[in-house]
Amino acid sequence: MMRWIRRAGTALAAAVMVVLVVAGPPVAALWWVRAHRWRLPSPAQVSAAVQQPPGAAAVAALISMAAIGVWLLLVAVVVLQARAAVRAAMRRLRAPALPSAAQVTAGSMAGVAALALPGVTVAPGEGIVLVPAAAGADLPGPHADAARAGIDLPGGGWVPYRTALAVSVLGAMIWLHRRQHYQPHHPRGGGPRDADLQPLPDTADALIAVAGPPAADHLPGALVPDLPGGLLVLHGPGAPGAARGLLVTALLGAALGRAAPAVTARPADLDVLLGPGGELPAGLPGLRPGAPAAGAGTPACCERPARHPTLVIHQPTGADTTVLLGHDGPHGRRWQVDTHGRVTSHHRDAPLRLCLLDAAAAADLLRLVEQHTTTTMPSRPAGQQRPAGRGQLQLLGGCRLQVDGVVVHPRRSAALQILAYLAVHPAGASTTDLIRAVWPGLDPNTITKRLHTTLSDLRRQLQPALSDPILRHDERYRLNRDQITTDLDHLRDVLAAAAGAVTSRHRRAAARTLTDAYPGELAAGFSWPWLPPPREALRRDVLDAFTGLAAAAPPDEALDHVRAALAADPHNQALHAHARDLLTALGDPHTANR
């Protein structure tokens, strides 16, 4: 809301300035003419002015004419810029726009999704069998106009908006699952990060950055498009990518619990679809042993998978579809798939565009499904820094920059994200690291200039109060902590002090300081793609500190520390169990069982 108010105020100020510059001089000239009753000079006056040297009035007239010329030039510039802005606005109105997702936190959305969707128990196997989910919400998807309902991948390929939304839901569910099942423990100094804090794959981050977090009541329905029964031959330049898209969307639907598709894949088929040595990770939802057999809708030619990779799709209607990939397959329904995933066939009247993935994007999304199925129990760590400066960067419970107590709104939205990223990473970041974090999915070699422009504009905006907020050395950028203080650095110092608290008085003081130093999660309200791993890592540092204080305290004091930890993360199941145990030990089983 505040962003729109600031934009409206900026637009109003710009409009007032334009009106003053364009209309002000003519209005002032008209007022002067009416006040002084100015008339055009007579021929005699013109002749006298030519014969005599110019006086003060003539000089004033010349200056006025020059000013009028400058004003006309300025008006021409304003008109040309306004014309360009109108044309750009018209192009944006005509351009296809993706549907906007509701602005809710990914945690809330994933909580509803995790509670509302059933689990799927499956076993690993080999051969491909895909079962689409039942029809669902009226979101854009494979059945809608493809040009308006999908996302182009930076490396080539196309993903329906419905499938991108499923990726967004799955990514949020992964982080919520890790958050719920994390086991807090005593801090152990600066070791490696927990094994389950690896970021999401690049393709998933790129899709989430565009699709945004969806609302819990707009979860995807069917992902796999309606396919005809019997034999379906895919051929054309886009056929392999379309087959990969069918495989990945079926597994995404299984991971979300939208249906119970059974997926098996023969190694030779996966070598063609995913590259040499390609295989589906064991234990994926919807995986079961078996291989497509000849008969029951599967032609005998499918026994030669290296030549004709095969997908057998069992639809809810019971009419199985054997999807055969190749140019010289047997007779049947034949779909020509172009490089954009569009289907051409004399059997179809309605337009259809299939999800199109290259081998790398398919592997990324399969890795996302694998991350959803695995739970790694953590180990943990933390680091420290001590800052000082005229600038203050708040990162806990929000994200905003102040200079000498005055809030500063960077002119470029990426500037605040870069400051936050460098504050989270004290060792700094390379140009490639920053571009991949702030602009995921784009080639760092093509937009390096955008990063340099953003940083240069930020420096100019903060000068002279902050001479150099971001330091650069050997192609690495670091936040200048001599000029910008962060509450994150203060929290890291508090965490280090809490680990050394020995007496009861010191433990209680450390708990109070820690509670005050952690008013909310890292960059609350922001959903930058790189943010979930450090956000969850910091939350775990706080939980570890509280449970470390509780471990060295008697039960009544320990209960206060555990409750403080629950205030920082009310979703954690282990903390709830710990609180119940302490209440039972203190003789309050009624409260423990509530």
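Provided above is the structure to which this section pertains.
1. Focus: the overall build of the protein chain
In step 1: Helix and strand content of the protein chain: 18 helices and 15 strands.
In step 2: Within the protein chain, the fraction of its 594 residues that count as buried is 45%.
In step 3: Excluding contacts between residues fewer than 6 apart, the proportion of contacts in the protein chain whose partners are at least 24 apart in sequence is 73%.

2. Some points on the side chain of R507
In step 1: By secondary structure assignment, the location of R507 is in helix α14 (residues 504–517).
In step 2: Setting aside its immediate chain neighbours within four residues, R507 contacts A501, V502, L549, A552, A553, P554, E557 and H561.

3. Re the pairing of strand β10 (residues 400–403)
In regular strands, side chains alternate between the two faces of the sheet.
In step 1: Here four bridges tie strand β9 (residues 391–394) to β10, and the two strands are oriented antiparallel to one another. Counterpart to G391 in the pairing with β10 is V403.
In step 2: Counting the residues between successive antiparallel strands, the hairpin from β9 to β10 contains five residues, one of them, G397, with a positive phi of roughly 80°.
In step 3: As paired elements, β10 and strand β11 (residues 406–408) share three bridges and run antiparallel to each other. Each bridged residue has a counterpart across the sheet, and for V403 the counterpart in β11 is V406.
In step 4: If you look at the hairpin formed by β10 and β11, you'll find two residues sitting between the two strands, and D404 has a positive phi there, around 55°.

4. Some words on the sheet that holds strand β15 (residues 484–486)
In step 1: An order of β11-β10-β9-β15 is seen for the four strands of this open sheet, with the pairing classed as mixed. The open sheet terminates on both sides in strands that have one partner only, identified here as β11 and β15. Recorded for the sheet is a direction-independent mean angle of 30° between the axes of neighbouring strands.
In step 2: Running at roughly 85° to β9, helix α10 (residues 413–424) makes contact with β9, β10 and β15 of the sheet.
In step 3: Here helix α13 (residues 487–499) sits on the sheet and contacts β9 and β15; the angle it forms with β15, its principal contact strand, is near 50°.

5. Digging into the packing of aromatic side chains
In step 1: Tallied over the full model, the rule gives three aromatic pairs.
In step 2: On the basis of an interplanar angle of 80° and a centroid distance of 4.9 Å, the ring pair of Y421 and W530 is categorised as edge-to-face. Note that Y421 is positioned in helix α10 and W530 in the loop between α14 and α15 (532–551), a separation of 109 residues in sequence. For the residue pair Y421 and W530, the accessibility class agrees, reading buried in each case.
In step 3: With a centroid separation of 5.8 Å and 15° between ring planes, the pair formed by W528 and W530 is classed as stacked. Residues W528 and W530 agree in their burial class; the two are buried.
In step 4: Over the ring of W175 we find R178, and its NZ or CZ is 4.6 Å from the ring centre.

6. Let's talk about the packing of α10 against helix α11 (residues 431–438)
In step 1: Two elements in contact, α10 and α11, have axes separated by 11 Å at closest approach and are oriented at 120°. In this view, α10 runs oblique relative to α11, as classed from their interaxial angle. For the pair α10 and α11, the sense of crossing is right-handed. Every residue of α11 that contacts α10 at A414, Q417, I418, Y421 and L422 is listed here: D433, L434, A437 and V438.
In step 2: Classifying every residue of the contact of α10 with α11 by side-chain character gives seven nonpolar, one polar and one charged.

7. Let's talk about the pattern of salt bridges
In step 1: In this structure the tally under the stated criterion is 15 salt bridges.
In step 2: Two residues, D404 and R390, come together in a salt bridge whose shortest N-O distance is 2.4 Å. Taken together, the residues D404 in the loop between β10 and β11 and R390 in the loop between α9 (359–373) and β9 connect sequence positions 14 residues apart.
In step 3: For D404, a relative accessible area of 44% gives the class partly exposed.
In step 4: Owing to a relative accessible area of 43%, R390 belongs among the partly exposed residues under this scheme.
In step 5: Put simply, E521 and R535 hold a salt bridge, and the shortest N to O gap is 3.8 Å.

8. A look at the environment of L495
In step 1: Residue placement: L495 occurs in helix α13.
In step 2: In this structure L495 comes out as buried when scored by relative accessible area, which is 9%.
In step 3: Placed 22 residues apart in sequence, L495 and A517 show a C-alpha to C-alpha distance of 9.4 Å.
In step 4: What L495 contacts, discounting residues up to four positions off in sequence, is L514, D541, V542 and A545.

Rules used in this analysis
- Residues numbered from 1 in each chain as written.
- Predicted model: local features only at pLDDT ≥ 70, side-chain atom pairs only at ≥ 80, totals over all residues.
- Heavy atoms only, no water.
- Helix = DSSP H or I, 4+ residues; strand = E, 2+ residues; numbered from the N terminus.
- Buried < 20%, exposed > 50% of the residue type's maximum accessible area, 1.4 Å probe, protein only.
- Contact = heavy atoms within 4.5 Å.
- Pairing = 2+ DSSP bridges.
- Axes fitted to C-alpha atoms, helices over the stretch in contact; angles between N-to-C directions.
- Phe/Tyr/Trp six-rings, centres within 6.5 Å; stacked < 30°, edge-to-face > 60°.
- Lys NZ or Arg CZ within 6 Å of the ring centre and 35° of its normal.
- Parallel < 35°, antiparallel > 145°, perpendicular 65-115°, else oblique.
- Left-handed = near helix turned anticlockwise from the far one by under 90°.
- Nonpolar A, V, L, I, M, F, W, Y, C, P; charged D, E, K, R; others polar.
- Salt bridge = Lys/Arg side-chain N within 4 Å of Asp/Glu carboxyl O.

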